[in-house]
Amino acid sequence: MSQALARVVPRRRGRVPAALLIPAGLGLLFLVLPLAGLVVRAPWTTLPQRLTAPGALTALRLSVQTATLATGLCLLLGVPLAWLLARVEFPGRRLVRALVTVPLVLPPVVGGVALLLVFGRRGLLGGWLDATFGVTLPFTTAGVVLAEAFVAMPFLVIAVEGALRAADHRYEEAAATLGAGRWTTFTHVTLPLVAPGLAAGAVLCWARALGEFGATITFAGNYPGRTQTMPLAVYLALETDLESAIVLSLVLLIVSVGILAALRDRWLASP
Amino acid sequence: MSGRSVLATLTAIAVLALTGCGGGDDPAGDDADGRVTGTVTVFAAASLTESFTRIVSDFEAANPGVTVTLNLAGSSALANQINQGAPADVFASAAQKNMATVTEAGNAEGTPSVFARNQLVIAVPGGNPRGVTGLADLARPGVKVALCADQVPCGAAARTALTAAGVALTPVTLEQDVKGALAKVKLGEVDAALVYRTDARAASADVTGVEFPESARAVNDYPIVALKDAPNPAGARAFVAYVRSTPAQAVLAGAGFQAP
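Reading the values: rules and limits
- Residues numbered from 1 in each chain as written.
- Chains lettered and ligands numbered in written order.
- Predicted model: local features only at pLDDT ≥ 70, side-chain atom pairs only at ≥ 80, totals over all residues.
- Pairing = 2+ DSSP bridges.
- Helix = DSSP H or I, 4+ residues; strand = E, 2+ residues; numbered from the N terminus.
- Axes fitted to C-alpha atoms, helices over the stretch in contact; angles between N-to-C directions.
- Contact = placed C-beta atoms within 7 Å.
- pLDDT = per-residue confidence, 0-100.
- Buried ≥ 20, exposed ≤ 12 C-beta atoms within 10 Å, placed from the backbone.
- Arc of directions from axis to C-beta.

Chemist: Report on the sheet that holds strand 1 (residues 38–45) of chain B, specifying residues and quantitative values.
Modeler: All names here are of chain B. With mixed pairing, the 5 strands of this open sheet are ordered in space as 2-1-3-10-4. Lying at the two open borders of the sheet, with one neighbouring strand each, are strand 2 (66–73) and strand 4 (108–118). Pairwise comparison of adjacent strand axes, ignoring direction, gives a mean angle of 20° for this sheet. Alignment of strand 1 against strand 2, held across 8 bridges, turns out to be parallel. Bridge pairing in strand 2 links Val42 to Leu70. Helix 9 (residues 233–243) rests against strand 1, strand 2, strand 3 (90–92), strand 4 and strand 10 (220–227) of the sheet, and its axis sits at about 155° to strand 10.

Shown next as structure tokens:
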């Protein structure tokens, strides 16, 4: 019986239905062809000096730094929020969940304007922050982190909430029966349980933050070394020099794909 | 419905759409009487938004049977689109540099002609709370200034004007286009920005434009040209001629442009 199954399974695995294979192939082509376009048009001969141009490296460093800080901020605030949504019954939970996803559907430029209306000089909190603590966020690196976190946090919250809902409640209940408080259960049972989902969410969040453009240029402006991240540099390079823009895009692409691939091998169990 | 018949239906729809497109979008140009017909596709710089919208509706009224499609974006983006084969009839650029990108690629029909000029003003929040009267005021400590990035026409003009005035300042942001710089003024995030007079004039009461003498040193020319691969060459010629006519020039002057 088991031998019969063993013979059957590999053959059934090998036969992929055309109805799935063809659209899957088309989907892959659709995603990969534009990247191939970038690679084909890249000015390979002048690549080294364009890569080492000081402006490019500054923008790249700033991008990686701000995306990492933004991911940190999202983890700090987003994981508890995801836990709240997944584990605590409270009135209006559906509404809160919908609100969390707003930055996903909001055009990022609108997100940037919204941030200005709150944290800007004349904003709801901005004036008070400036008067009380002397903190101004627009046109600063901190502003870039804030803009990126605003746009990227929903990715983390949704991923972690999904992982929490899929996780087996019984472990947490067992911990509670053994006398663990909710905080201890959260740190010692829940977090390790959802670690893969957490890592996936963090990676997604980081990638989204790295590519952020609209909210950043609207809220934090564009100044080399301070708020000019890689996507902003790419957009401005397009104004004058298509080839420079392609090179910068490729760098951003290679760095992000490299880091994502490395993290995936390290943290995420790939089947 | 099986997968194959879905595919067949989709193919049929696609074929119909393509052929329908070819038939309906007839780039006829002149009809028997020499009148202009069909669709004219105009690629125009974003700073022409208000004036060209007026000019297009006047042109359509003067030429029944003609429809003008306006594609408004940054001049450099438009120049790139044209050079990549976008089906445009006319290109109106906010700077000679972006026009040169198109002419050097051999995509222009004839020589571009300048149809308007634009100058910079200092845009300040309505009522001018900081009392800005000239470029020198922008270098005062604590005054936050937004400029356009050097790569875009308004940024290049701003650099020229600041150099002419001998004013050195560090802006808080280098915006991707003139509307971005203006938005920062409207939101009150900066105390001043260097923008075109036409943009300051179009921007309601929350923005005041302060004129300054050095702007005469950084005047921006707006060239227009019919394109070589224009689907509607007669329409393209007619539109270019109309933009240079007296009624269109009056619309441009009303928006704050200077005559060439």
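Chemist: Quick one: what's the story with unusual backbone geometry, residue by residue and with numbers?
Modeler: In this structure, A:Phe139 takes a positive phi of about 65° despite not being glycine. Topologically, A:Phe139 is positioned in the loop between helix 8 (126–133) and helix 9 (141–166). Positive phi is not limited to glycine here, since B:Asn128 has a value of about 50°. Locating B:Asn128 in the fold gives a position in the loop between strand 5 (120–125) and helix 5 (135–138).

Chemist: How would you summarise the confidence of the model for chain B if you had to cite specific residues and measurements?
Modeler: The predicted model of chain B averages 86 in pLDDT, with 87% of residues at 70 or higher. Across chain B, strand 3 of chain B holds the top mean pLDDT of 97, while helix 1 (residues 3–24) of chain B sits lowest at 44.

Chemist: So what about helix 3 (residues 75–83) of chain B? Which residues, and what values?
Modeler: Residue and element names in this part refer to chain B. Taken together, the buried positions of helix 3 are occupied by Ser75, Ser76, Leu78, Ala79 and Ile82. Along helix 3, the residues classed as buried sweep out an arc of 160° about the axis, all on the same side. Looking one or two residues past helix 3, Gly85 carries a phi angle of roughly 100°, positive in sign.

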